[in-house]
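Okay, here's what each chain looks like letter by letter:
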Amino acid sequence: MGFAESFLLSEVSCSDLTAFFTLFIRNRTHLNNGTTLSSSLLSSLSGLWSRTGNTMSKALVNTQAHYDISNEMFAAFLSEDMTYSCPIWRVEDMGREGDHWWDVGQGDETLEQAQMRKIQRFIDGARIKAADHVLEIGSGWGSFAVEAARRTGCRVTTVTLSKEQKIWVEGRVKKEGLAGRVEVLLRDYRDLEAPEEGFDKVVINHITIQSRGTLMVEKIENIGAHYARTLRLWRERFLAKFESKIRPALMREHPDMTAKTVEVFRRKWEYYFAYSEAGFLTKTLGDVIITVGREGAMELMEGIPR
């Protein structure tokens, strides 16, 4: 926490944060995870400080929790499809460095093409068909809902807690001529009333829904190796477009932000991209696609010799 706060406050700088975090992760057993007697003592004092203190530097860091990043700012660094999750890159385009084939990308495949491959993997894995009514929990900016409806002709009900995302997705659905196939709801999935006939398929980032009946795991696929390149591209785009796109959008939404808080905001995102990239580069982090089906879901046996 001390290093993170010092970086956000521009007290320390690093020309290659990803390399720094990668070096630390690969040597953390020798470094006792960065814990020393002095750091433990400072951590205890920091806890006391967090409960009783409110210095200017602390307030500056904490202030960032109140500033949300807008659609316009996400559009500055995401691909055109506005998918904010791990794609699946064409493996032969993914270069190799040392023992880590996922470290670098040398091919000409675009981020959007890789995102579409991941979405198609969802569609194929869930065996989505034209007759299906699909529930998506977490709309994002509508990439899955639009592609699933457009490619298969299915109906999609997608839920989000973000008003901005709802407006964005509805506009995208209208533009694609899919208003009769995609419904966007602003609500928590736990408050959602399922239709009488139920949903045929559910797409969700985290399995937290209680199920009536037995769920059987069909497939688990770790695609975390594909995330490092993506995070690097997002970081590069974020930093390249910060002054021209992100800073102006941030100031329009939050005119009370000072130059210092804007800089903390920028460095916080740079830090997030870098340590996440390092986590996936070293296979410390993973990202899995889990395909499950209810007992008796014979669709998931399609194409398998019997």
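Residues numbered from 1 in each chain as written. Predicted model: local features only at pLDDT ≥ 70, side-chain atom pairs only at ≥ 80, totals over all residues. Heavy atoms only, no water.

### Examining the side chain of threonine 282
Link 1 in the chain: Structurally, threonine 282 can be placed in the loop between helix H11 (259-281) and strand S6 (288-294).
Link 2 in the chain: The buried category is assigned to threonine 282, whose relative accessible area is 15%.
Link 3 in the chain: Side chain to side chain, threonine 282 and threonine 284 meet in a polar contact 2.7 Å long. (Helix = DSSP H or I, 4+ residues; strand = E, 2+ residues; numbered from the N terminus. Buried < 20%, exposed > 50% of the residue type's maximum accessible area, 1.4 Å probe, protein only. Polar contact = N/O pair within 3.5 Å; in protein donor to acceptor, adjacent residues only side chain to side chain.)

### What to know about the sheet that holds strand S2 (residues 155-160)
In sheet architecture, strand pairing relies on hydrogen bonds along the backbone and comes in two forms, parallel and antiparallel.
Link 1 in the chain: One open sheet holds the four strands; their spatial order is S3-S2-S1-S4, and the pairing between them is parallel. Only two strands of the sheet have a single neighbouring strand rather than two, namely strand S3 (182-186) and strand S4 (201-204). Pairwise comparison of adjacent strand axes, ignoring direction, gives a mean angle of 20 degrees for this sheet.
Link 2 in the chain: Where strand S1 (residues 133-137) and S4 come together, four bridges link them in parallel fashion. Its bridge partner being in S4, valine 134 is matched across the sheet by lysine 201.
Link 3 in the chain: Where helix H7 (residues 143-152) meets the sheet, it contacts S1, S2, S3 and S4, and its direction lies at approximately 175 degrees from that of S2. (Pairing = 2+ DSSP bridges. Axes fitted to C-alpha atoms, helices over the stretch in contact; angles between N-to-C directions. Contact = heavy atoms within 4.5 Å.)

### Observations regarding the pattern of salt bridges
Link 1 in the chain: Scanning all chains against the criterion turns up 16 salt bridges.
Link 2 in the chain: Here glutamate 243 ties to arginine 247 by a salt bridge, and the two come within 2.8 Å at their closest N and O atoms. Note that glutamate 243 and arginine 247 are positioned in helix H10 (residues 242-253) at a spacing of four residues, about one turn of the helix.
Link 3 in the chain: A salt bridge links glutamate 263 to arginine 266, with the nearest nitrogen and oxygen atoms 2.7 Å apart. Residue glutamate 263 and its partner arginine 266 are located together in helix H11, separated by three residues, close to a single helical turn.
Link 4 in the chain: What makes glutamate 263 partly exposed here is its relative accessible area of 22%.
Link 5 in the chain: On the accessibility criterion, arginine 266 (17% relative accessible area) is buried.
Link 6 in the chain: When salt bridges with common partners are traced through the structure, they connect Glu263, Arg266, Arg267 and Glu270 into a single cluster. (Salt bridge = Lys/Arg side-chain N within 4 Å of Asp/Glu carboxyl O.)

### Re the packing of aromatic side chains
When we look at a pair of aromatic rings, we describe it by the centre distance and by the angle of the planes.
Link 1 in the chain: Per the counting criterion, the structure on display carries 29 aromatic pairs.
Link 2 in the chain: Taken together, a centroid distance of 6.3 Å and an interplanar angle of 90 degrees make the contact between phenylalanine 3 and phenylalanine 21 edge-to-face. Within this pair, whereas phenylalanine 3 is found in helix H1 (residues 2-8), its partner phenylalanine 21 is found in helix H2 (residues 17-26), the two being separated by 18 residues in sequence.
Link 3 in the chain: Their ring planes at 85 degrees and their centres at 6.3 Å tell us that phenylalanine 21 and tyrosine 275 sit as a pair that is edge-to-face. With phenylalanine 21 in helix H2 and tyrosine 275 in helix H11, the pair connects residues that are 254 residues apart, well separated along the chain.
Link 4 in the chain: A residue is classified by how much of its surface remains accessible, and tyrosine 275, at 39% relative accessible area, is partly exposed.
Link 5 in the chain: Across from the ring centre of tryptophan 89, 3.7 Å away, lies the NZ or CZ of arginine 229, which sits over that ring.
Link 6 in the chain: Geometry around phenylalanine 7 places arginine 267 over its ring, the cationic atom sitting 4.0 Å from the centre. (Phe/Tyr/Trp six-rings, centres within 6.5 Å; stacked < 30°, edge-to-face > 60°. Lys NZ or Arg CZ within 6 Å of the ring centre and 35° of its normal.)

### Describing the environment of arginine 117
Link 1 in the chain: Among the secondary structure elements, arginine 117 is positioned in helix H6 (residues 111-125).
Link 2 in the chain: Expressed as a C-alpha distance, the spacing of arginine 117 and proline 87, which sit 30 residues apart in the sequence, is 7.2 Å.

### A short note on unusual backbone geometry
Link 1 in the chain: Even without being a glycine, serine 10 presents a positive backbone phi close to 65 degrees.
Link 2 in the chain: A positive phi angle, near 60 degrees, is found at methionine 82, a position not held by glycine.
Link 3 in the chain: With respect to the helices and strands, the residue methionine 82 is situated in the loop between helix H5 (71-77) and H6.

### Focus: the nonpolar core
Link 1 in the chain: Among the nonpolar cores identified, the biggest contains 31 residues, and Phe77, Trp234, Phe238 and Phe265 are the most heavily contacted of them.
Link 2 in the chain: Sorting the residues of this core by element identifies H5, H6, helix H9 (227-240), H10 and H11 as the ones contributing at least two each.
Link 3 in the chain: If near-sequence neighbours (up to four positions away) are discounted, tryptophan 234 is found in contact with Phe77, Leu78, Thr83, Tyr84, Ser85, Leu111, Gln115, Tyr227 and Phe273.
Link 4 in the chain: Ranked by size, the runner-up nonpolar core spans 19 residues in total, among them Ile123, Val134, Val146 and Val156. (Core = buried A, V, L, I, M, F, W, Y, C linked by side-chain atoms within 4.5 Å.)

### A look at the packing of H9 against H10
Link 1 in the chain: Their axes nearest at 6 Å, the elements H9 and H10 cross at an angle of 80 degrees. Considering their axes alone, H9 and H10 lie roughly perpendicular with respect to each other. Contact residues: Phe238, Leu239 and Ala240 in H9; Phe242, Ser244 and Ile246 in H10.
Link 2 in the chain: Looking at the contact of H9 with H10 residue by residue, the classes come out as five nonpolar, one polar and no charged. (Parallel < 35°, antiparallel > 145°, perpendicular 65-115°, else oblique. Nonpolar A, V, L, I, M, F, W, Y, C, P; charged D, E, K, R; others polar.)

### Things to note about helix H8 (residues 163-175)
Helical periodicity: at 3.6 residues per turn, an α-helix aligns residues three or four positions apart in one direction.
Link 1 in the chain: Its 13 residues place the ends of H8 19 Å apart at the C-alpha level, agreeing with the 18 Å of an ideal helix rising 1.5 Å per residue.
Link 2 in the chain: Within H8, burial applies to Gln165, Val169, Arg172 and Val173. Down the axis of H8, the sector holding all buried residues measures 100 degrees, keeping them to one side. Projecting away from the buried face of H8 at angles above 90 degrees are the exposed residues Lys163, Ile167, Lys174 and Lys175.
Link 3 in the chain: Buried residues along H8 sit in contact with H5, H7, S2 and S3.
Link 4 in the chain: Sitting at the head of H8, serine 162 places a side-chain oxygen 3.4 Å from the backbone nitrogen of glutamate 164.
Link 5 in the chain: Taken from the residues just after H8, glycine 177 is the one with a positive phi, measuring 70 degrees. (Expected span 1.5 Å × (residues − 1). Arc of directions from axis to C-beta.)

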